[in-house]
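Single-letter residue listing:
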Amino acid sequence: MRAAFESDISEILGPEHPISKNAARAVVKRWENAGVASADPVLAGQGRLVRLTAEGTRLVSSMELESDGAATSAAGAVRHAMVARARLRIENAGVGGSRVLAWISERQWRHENEAALHTGSHVPDGFVRLDGGMTGVVQVGHTRVEVARLRPLIAKLARHHPVVVLAVPRGELAGNPAGPAAVTDDGDGLPATVFTVEI
(Lines give C-alpha, C1' and ligand atoms only; values in the text may rest on other atoms or scores of the structure.)
Protein backbone atom coordinates (compact mmCIF):
# COMPACT_ATOMS: atom_id res chain seq x y z
CA MET A 1 0.00 0.00 0.00
CA ARG A 2 1.34 3.37 -0.95
CA ALA A 3 -1.16 5.32 1.11
CA ALA A 4 -3.91 4.78 3.66
CA PHE A 5 -6.17 6.88 5.81
CA GLU A 6 -5.05 7.02 9.42
CA SER A 7 -8.50 5.76 10.44
CA ASP A 8 -7.77 2.49 8.57
CA ILE A 9 -4.29 1.90 10.06
CA SER A 10 -5.59 -0.01 13.10
CA GLU A 11 -7.37 -2.51 10.83
CA ILE A 12 -4.35 -2.80 8.51
CA LEU A 13 -1.98 -3.56 11.39
CA GLY A 14 -4.30 -5.96 13.21
CA PRO A 15 -7.16 -7.26 11.07
CA GLU A 16 -8.33 -9.84 13.63
CA HIS A 17 -7.76 -7.60 16.66
CA PRO A 18 -7.54 -3.96 15.55
CA ILE A 19 -5.49 -1.68 17.78
CA SER A 20 -6.98 1.48 19.26
CA LYS A 21 -7.07 4.78 17.38
CA ASN A 22 -4.54 6.23 19.83
CA ALA A 23 -2.19 3.28 19.29
CA ALA A 24 -2.54 3.66 15.50
CA ARG A 25 -1.80 7.39 15.81
CA ALA A 26 1.34 6.55 17.85
CA VAL A 27 2.49 4.09 15.15
CA VAL A 28 2.03 6.73 12.46
CA LYS A 29 4.00 9.22 14.59
CA ARG A 30 6.87 6.71 14.85
CA TRP A 31 6.81 6.24 11.07
CA GLU A 32 6.93 10.02 10.60
CA ASN A 33 9.84 10.34 13.06
CA ALA A 34 11.70 7.60 11.20
CA GLY A 35 11.17 9.45 7.90
CA VAL A 36 9.34 6.55 6.21
CA ALA A 37 5.85 8.11 6.10
CA SER A 38 4.12 11.46 6.18
CA ALA A 39 0.60 12.16 7.46
CA ASP A 40 -1.46 15.17 6.44
CA PRO A 41 -5.15 16.11 6.57
CA VAL A 42 -6.53 16.00 3.02
CA LEU A 43 -10.23 15.03 3.06
CA ALA A 44 -12.71 16.01 5.76
CA GLY A 45 -13.97 13.13 7.84
CA GLN A 46 -11.33 10.65 6.65
CA GLY A 47 -8.55 11.19 9.14
CA ARG A 48 -5.07 12.10 8.03
CA LEU A 49 -3.73 10.67 4.79
CA VAL A 50 -0.66 8.54 5.55
CA ARG A 51 1.68 8.00 2.63
CA LEU A 52 5.10 6.53 2.18
CA THR A 53 8.08 8.82 1.69
CA ALA A 54 10.76 7.92 -0.85
CA GLU A 55 12.69 6.22 1.97
CA GLY A 56 9.62 4.28 3.07
CA THR A 57 8.99 3.14 -0.50
CA ARG A 58 12.56 1.87 -0.82
CA LEU A 59 12.15 -0.13 2.38
CA VAL A 60 8.91 -1.91 1.44
CA SER A 61 8.94 -2.25 -2.33
CA SER A 62 11.05 -4.28 -4.72
CA MET A 63 9.12 -3.00 -7.78
CA GLU A 64 9.77 0.38 -9.32
CA LEU A 65 6.95 2.88 -8.88
CA GLU A 66 5.58 4.61 -11.92
CA SER A 67 7.39 7.83 -12.68
CA ASP A 68 4.24 9.84 -13.50
CA GLY A 69 4.08 11.32 -10.00
CA ALA A 70 0.56 10.01 -9.35
CA ALA A 71 1.73 8.14 -6.27
CA THR A 72 3.16 11.31 -4.73
CA SER A 73 0.38 13.74 -5.66
CA ALA A 74 -2.40 14.31 -3.12
CA ALA A 75 -5.06 13.11 -5.60
CA GLY A 76 -3.06 9.98 -6.42
CA ALA A 77 -2.48 9.26 -2.75
CA VAL A 78 -6.20 9.67 -1.96
CA ARG A 79 -6.98 7.19 -4.73
CA HIS A 80 -4.46 4.69 -3.32
CA ALA A 81 -5.93 5.15 0.18
CA MET A 82 -9.45 4.50 -1.16
CA VAL A 83 -8.22 1.35 -2.92
CA ALA A 84 -6.51 0.24 0.33
CA ARG A 85 -9.81 0.76 2.18
CA ALA A 86 -11.71 -1.13 -0.53
CA ARG A 87 -9.25 -4.01 -0.23
CA LEU A 88 -9.76 -4.17 3.54
CA ARG A 89 -13.55 -4.22 3.20
CA ILE A 90 -13.59 -6.71 0.34
CA GLU A 91 -11.10 -9.11 1.95
CA ASN A 92 -13.04 -9.03 5.24
CA ALA A 93 -16.57 -9.30 3.81
CA GLY A 94 -15.96 -11.35 0.67
CA VAL A 95 -17.85 -10.87 -2.57
CA GLY A 96 -21.33 -12.26 -3.16
CA GLY A 97 -20.92 -14.94 -0.51
CA SER A 98 -17.47 -16.02 -1.75
CA ARG A 99 -14.33 -15.68 0.34
CA VAL A 100 -11.43 -13.70 -1.10
CA LEU A 101 -8.36 -15.92 -1.40
CA ALA A 102 -5.98 -13.34 -2.89
CA TRP A 103 -5.76 -9.70 -3.93
CA ILE A 104 -3.88 -8.68 -7.07
CA SER A 105 -2.91 -5.03 -6.90
CA GLU A 106 -2.87 -2.55 -9.75
CA ARG A 107 0.96 -2.47 -9.49
CA GLN A 108 1.22 -6.25 -9.68
CA TRP A 109 -1.21 -6.34 -12.62
CA ARG A 110 0.85 -3.69 -14.45
CA HIS A 111 4.02 -5.68 -13.80
CA GLU A 112 2.47 -8.93 -15.11
CA ASN A 113 0.65 -7.37 -18.10
CA GLU A 114 3.10 -4.97 -19.72
CA ALA A 115 1.96 -5.96 -23.22
CA ALA A 116 -1.65 -5.03 -22.41
CA LEU A 117 -0.50 -1.61 -21.23
CA HIS A 118 0.96 -0.89 -24.67
CA THR A 119 -2.40 -1.61 -26.30
CA GLY A 120 -4.18 0.92 -24.09
CA SER A 121 -5.98 -1.61 -21.89
CA HIS A 122 -7.82 -0.25 -18.87
CA VAL A 123 -5.80 -0.62 -15.67
CA PRO A 124 -8.12 -1.79 -12.88
CA ASP A 125 -7.71 -0.84 -9.23
CA GLY A 126 -7.27 -4.51 -8.37
CA PHE A 127 -8.44 -8.07 -8.84
CA VAL A 128 -9.76 -10.61 -6.33
CA ARG A 129 -9.39 -14.37 -6.54
CA LEU A 130 -12.47 -15.95 -5.02
CA ASP A 131 -12.85 -19.34 -3.37
CA GLY A 132 -15.24 -20.47 -6.12
CA GLY A 133 -12.34 -20.31 -8.60
CA MET A 134 -13.38 -17.05 -10.26
CA THR A 135 -11.38 -13.86 -10.50
CA GLY A 136 -13.17 -10.54 -10.20
CA VAL A 137 -12.04 -7.09 -11.28
CA VAL A 138 -12.24 -4.24 -8.72
CA GLN A 139 -12.92 -0.61 -9.58
CA VAL A 140 -13.06 2.14 -6.94
CA GLY A 141 -15.06 5.34 -7.28
CA HIS A 142 -14.70 7.89 -4.51
CA THR A 143 -17.08 10.68 -5.56
CA ARG A 144 -20.63 10.71 -6.90
CA VAL A 145 -19.35 12.25 -10.16
CA GLU A 146 -16.72 9.54 -10.55
CA VAL A 147 -19.26 6.78 -9.86
CA ALA A 148 -21.50 8.21 -12.61
CA ARG A 149 -18.49 8.38 -14.95
CA LEU A 150 -17.62 4.76 -14.18
CA ARG A 151 -21.00 3.28 -15.22
CA PRO A 152 -20.02 2.72 -18.90
CA LEU A 153 -16.66 1.28 -17.82
CA ILE A 154 -18.39 -1.11 -15.38
CA ALA A 155 -20.66 -2.30 -18.20
CA LYS A 156 -17.59 -2.88 -20.40
CA LEU A 157 -15.74 -4.72 -17.62
CA ALA A 158 -18.80 -6.93 -17.07
CA ARG A 159 -18.53 -8.12 -20.68
CA HIS A 160 -14.98 -9.39 -20.05
CA HIS A 161 -14.97 -10.52 -16.40
CA PRO A 162 -17.34 -12.91 -14.59
CA VAL A 163 -17.35 -10.72 -11.45
CA VAL A 164 -17.00 -6.94 -11.22
CA VAL A 165 -16.77 -5.17 -7.86
CA LEU A 166 -17.53 -1.45 -7.69
CA ALA A 167 -16.31 -0.05 -4.36
CA VAL A 168 -17.73 3.32 -3.36
CA PRO A 169 -17.98 5.42 -0.18
CA ARG A 170 -21.12 5.09 1.90
CA GLY A 171 -23.98 7.10 0.45
CA GLU A 172 -22.52 7.54 -3.05
CA LEU A 173 -24.98 5.04 -4.52
CA ALA A 174 -28.09 6.53 -2.93
CA GLY A 175 -31.15 4.81 -4.33
CA ASN A 176 -29.23 1.76 -5.60
CA PRO A 177 -29.82 -1.61 -3.94
CA ALA A 178 -27.06 -3.33 -2.00
CA GLY A 179 -25.60 -6.56 -3.29
CA PRO A 180 -25.63 -7.44 -6.99
CA ALA A 181 -26.22 -4.25 -8.94
CA ALA A 182 -26.52 -5.84 -12.36
CA VAL A 183 -26.25 -9.13 -14.14
CA THR A 184 -25.20 -9.23 -17.77
CA ASP A 185 -24.39 -11.92 -20.28
CA ASP A 186 -21.01 -11.58 -21.95
CA GLY A 187 -21.82 -14.05 -24.72
CA ASP A 188 -20.28 -17.17 -23.20
CA GLY A 189 -23.48 -18.15 -21.43
CA LEU A 190 -22.11 -17.24 -18.00
CA PRO A 191 -23.59 -14.21 -16.27
CA ALA A 192 -21.21 -11.48 -15.13
CA THR A 193 -22.33 -10.11 -11.78
CA VAL A 194 -21.57 -6.56 -10.68
CA PHE A 195 -21.41 -6.07 -6.91
CA THR A 196 -21.27 -2.79 -5.06
CA VAL A 197 -19.27 -2.61 -1.82
CA GLU A 198 -19.44 0.39 0.49
CA ILE A 199 -16.11 1.61 1.76
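In case you missed it, the structure is sitting above this.
These remarks concern the structure in this document. (Residues numbered from 1 in each chain as written. Predicted model: local features only at pLDDT ≥ 70, side-chain atom pairs only at ≥ 80, totals over all residues. Heavy atoms only, no water.)

A word on the overall build of the chain
The helix and strand tally for the chain stands at 7 helices and 9 strands. Across the 199 residues that make up the chain, the buried fraction comes to 40%. Once local pairs closer than 6 in sequence are excluded, the contacts in the chain between residues at least 24 apart make up 54%. Looking at the chain as shown, the accessible area adds up to about 10,900 Å², and 54% of this sits on carbon and sulfur atoms. (Helix = DSSP H or I, 4+ residues; strand = E, 2+ residues; numbered from the N terminus. Buried < 20%, exposed > 50% of the residue type's maximum accessible area, 1.4 Å probe, protein only. Contact = heavy atoms within 4.5 Å. Areas by Shrake-Rupley, 256 points an atom, 1.4 Å probe, with all protein chains shown as cover.)

Thoughts on the pairing of strand S2 (residues 37–41)
Bridge count between S2 and strand S3 (residues 48–52): 5 bridges; the pairing is antiparallel. Its bridge partner lying in S3, Ala 39 is registered against Val 50. (Pairing = 2+ DSSP bridges.)

Considering the nonpolar core
Core analysis: the biggest nonpolar cluster contains 23 residues, and Leu 49, Ile 90, Val 95, Val 128, Val 138, Val 140 and Val 165 have the highest contact counts within it. Those elements giving two or more residues to this core turn out to be strand S1 (3–5), helix H4 (74–93), strand S4 (100–105), strand S5 (126–130), strand S6 (135–140), strand S7 (163–168) and strand S9 (191–198). Looking at which element gives the most residues to this core, the answer is H4, with 7 residues. With residues near it in sequence (within four places) discarded, Val 128 still touches Ile 90, Val 100, Ala 102, Trp 103, Met 134, Thr 135, Gly 136 and Val 138. (Core = buried A, V, L, I, M, F, W, Y, C linked by side-chain atoms within 4.5 Å.)

Focus on the sheet that holds S3
The strand order across the open sheet formed by 3 strands is S1-S3-S2, and the pairing between neighbours is antiparallel. Bordering the open sheet on either side are S1 and S2, each of which pairs with just one other strand. Strand-to-strand, the axes of this sheet are offset by a mean angle of 20 degrees, without reference to chain direction. Sitting on the sheet, H4 touches S1 and S3, and the angle it makes with S1 is about 70 degrees. (Axes fitted to C-alpha atoms, helices over the stretch in contact; angles between N-to-C directions.)

Remarks on the pairing of S7
Along S7, 6 of the 6 residues are buried, which leaves the element largely enclosed by surrounding structure. Of the two faces of S7, both are covered, the one formed by Val 163, Val 165 and Ala 167 as well as the one formed by Val 164, Leu 166 and Val 168. The sheet contact formed by S6 and S7 spans 5 bridges and is parallel. Across the sheet, residue Gln 139 finds its bridge partner in S7, namely Leu 166. Read from S6 through helix H7 (residues 144–160) to S7, the crossover connection turns out right-handed. (Right-handed = clockwise from strand over helix to strand, strands pointing away.)

Describing the pattern of salt bridges
One pass over the full model with this rule turns up 12 salt bridges. A salt bridge links Glu 6 to Arg 48, with the nearest nitrogen and oxygen atoms 2.7 Å apart. Of this pair, Glu 6 sits in helix H1 (residues 6–13) while Arg 48 sits in strand S3, placing them 42 residues apart in sequence. For Glu 6, a relative accessible area of 12% gives the class buried. By relative accessible area, which is 24% here, Arg 48 ends up partly exposed. (Salt bridge = Lys/Arg side-chain N within 4 Å of Asp/Glu carboxyl O.)

Let's talk about the environment of Ala 4
Following the sequence through the fold, Ala 4 ends up in strand S1. In this structure Ala 4 comes out as buried when scored by relative accessible area, which is 6%. Through-space distance from the C-alpha of Ala 4 to that of Ala 81 is 4.0 Å; in sequence the pair is 77 residues apart. Beyond its immediate sequence surroundings of up to four residues, Ala 4 is in contact with Ile 9, Ile 12, Arg 48, Leu 49, Val 50 and Ala 81.

With respect to the packing of H1 against helix H2 (residues 21–34)
As a packed pair, H1 and H2 sit with axes 9 Å apart at the nearest point and diverge in direction by 100 degrees. Between H1 and H2, the angle is such that the two are roughly perpendicular. On the side of H1, the interface is formed by Glu 6, Ile 9, Ser 10 and Leu 13, while H2 contributes Ala 24, Arg 25, Val 27, Val 28 and Trp 31. (Parallel < 35°, antiparallel > 145°, perpendicular 65-115°, else oblique.)

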